[in-house]
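Topology and contacts: notes
Residues per chain, in single letters:
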Amino acid sequence: MKNISKIFFLLLFILAGFSAYASEPVTLYDKTLPELQKLLNGKWILLSGQNETVYFEFDDTAIEFKNTMYIWKDEEGEEGDNLNWRQEPTDNGYDAWVSDVFYEDNPSYPLMIRNDTLLIQDITEEQYLYKLVRQQ
C-alpha cells in the first residue's frame, strides 16, 4: 500500500507539473548512459523539491551537467564534482542510472524531461522529487 501511494503521489505531481505543456515527456530512467548525458548536458535552474509531506523551493540555485561532472552554483558559491554514474535498483521495480548530484548520501536518478523541465527522483528514505528548468 505504501508503494501504491508513492506511485500515485508521483503521478499526480507529474500530471500537475506538466499539464500546461503539449509535448510528450521523455523518460530518462530507461536510457543508456551516453543518451542520458546528451539529454542532461547544460545548465538547469533548481526550482523545488517535494515528497508526500514536504515542499520546498530553491533560490538562485543552478546545476550544470557536463557528462560525468556537475557544477552546483548557489548564493554560497560554486562547487563541482564527479556525478559517479552507476546503475542501481529503484523502489519502482527497475534499475536506473543513479548519480551523486545531490551528494553521495542522497543518490538520485533523472526521471523525465518534458520541454525544458527535468524531474530528478532521489532514492533515499525521503523520496524527494526535484524539479528543474533548462537555463536559456
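Attention in this report is confined to the structure presented alongside it. Since this is a predicted model, take the numbers as computed values, not measurements.

Right, let's talk about the overall build of the chain for a bit. Per the secondary structure count, the chain includes two helices and 11 strands. Reading the chain from its N end, one meets helices and strands in the order α-β-α-β-β-β-β-β-β-β-β-β-β. Within the span of the chain, comprising 136 residues, buried residues form 40% of the whole. When contacts within the chain are restricted to residue pairs at least 6 apart in sequence, long-range pairs at least 24 apart make up 46% of them.

Time to look at empty space enclosed by the protein. Within the structure shown, the criterion is met by one cavity of 30 Å³ or more. For the largest cavity, the calculated volume is near 30 Å³. As for the largest cavity, its lining consists of Thr90, Asp91, Asn92, Tyr109, Gln121, Asp122, Ile123 and Gln127. Residues belonging to the lining of the largest cavity are distributed by class as follows: two nonpolar, four polar and two charged.

A few words now on unusual backbone geometry. Despite not being glycine, Asn115 shows a phi value in the positive range, around 55 degrees. The topology assignment puts Asn115 in the loop between β9 (108–114) and β10 (117–122). By relative accessible area, Asn115 is classed as partly exposed at 37%. Here the phi dihedral of Gln127 falls at roughly 55 degrees; this positive angle occurs in a residue that is not glycine. We classify Gln127 as buried; its relative accessible area is 17%.

What follows is about the packing of aromatic side chains. Counting across every chain of the model gives nine aromatic pairs. The interplanar angle of 80 degrees and the centroid separation of 5.2 Å between the aromatic rings of Phe56 and Tyr128 together place this pair among those described as edge-to-face. Within this pair, whereas Phe56 is found in strand β3 (residues 55–57), its partner Tyr128 is found in the loop between β10 and β11 (129–134), the two being separated by 72 residues in sequence. When its relative accessible area of 24% is taken as the criterion, Phe56 is described as partly exposed. Classification of Tyr128 by relative accessible area gives buried; the value is 16%. Measuring from centroid to centroid gives 6.3 Å for Phe56 and Tyr130, while their planes differ by 70 degrees, and the two rings are edge-to-face. Linking Phe56 in strand β3 with Tyr130 in strand β11, this pair joins segments that are 74 residues apart in sequence. Taking the relative accessible area as the measure of exposure, Tyr130 reaches 4% and is therefore buried. By the ring-pair criterion, three or more aromatic residues cluster together here, those being Phe56, Phe58, Trp72, Phe102, Tyr128 and Tyr130.

Rules used throughout
Residues numbered from 1 in each chain as written. Predicted model: local features only at pLDDT ≥ 70, side-chain atom pairs only at ≥ 80, totals over all residues. Heavy atoms only, no water. Helix = DSSP H or I, 4+ residues; strand = E, 2+ residues; numbered from the N terminus. Buried < 20%, exposed > 50% of the residue type's maximum accessible area, 1.4 Å probe, protein only. Contact = heavy atoms within 4.5 Å. 1 Å grid on protein atoms, 1.4 Å probe; cavity = no way out; pocket = protein on both sides within 12 Å on 5 of 7 lines; lining within 4 Å. Points joined across faces, edges and corners; volume = space filled by probe spheres on them. Nonpolar A, V, L, I, M, F, W, Y, C, P; charged D, E, K, R; others polar. Phe/Tyr/Trp six-rings, centres within 6.5 Å; stacked < 30°, edge-to-face > 60°.

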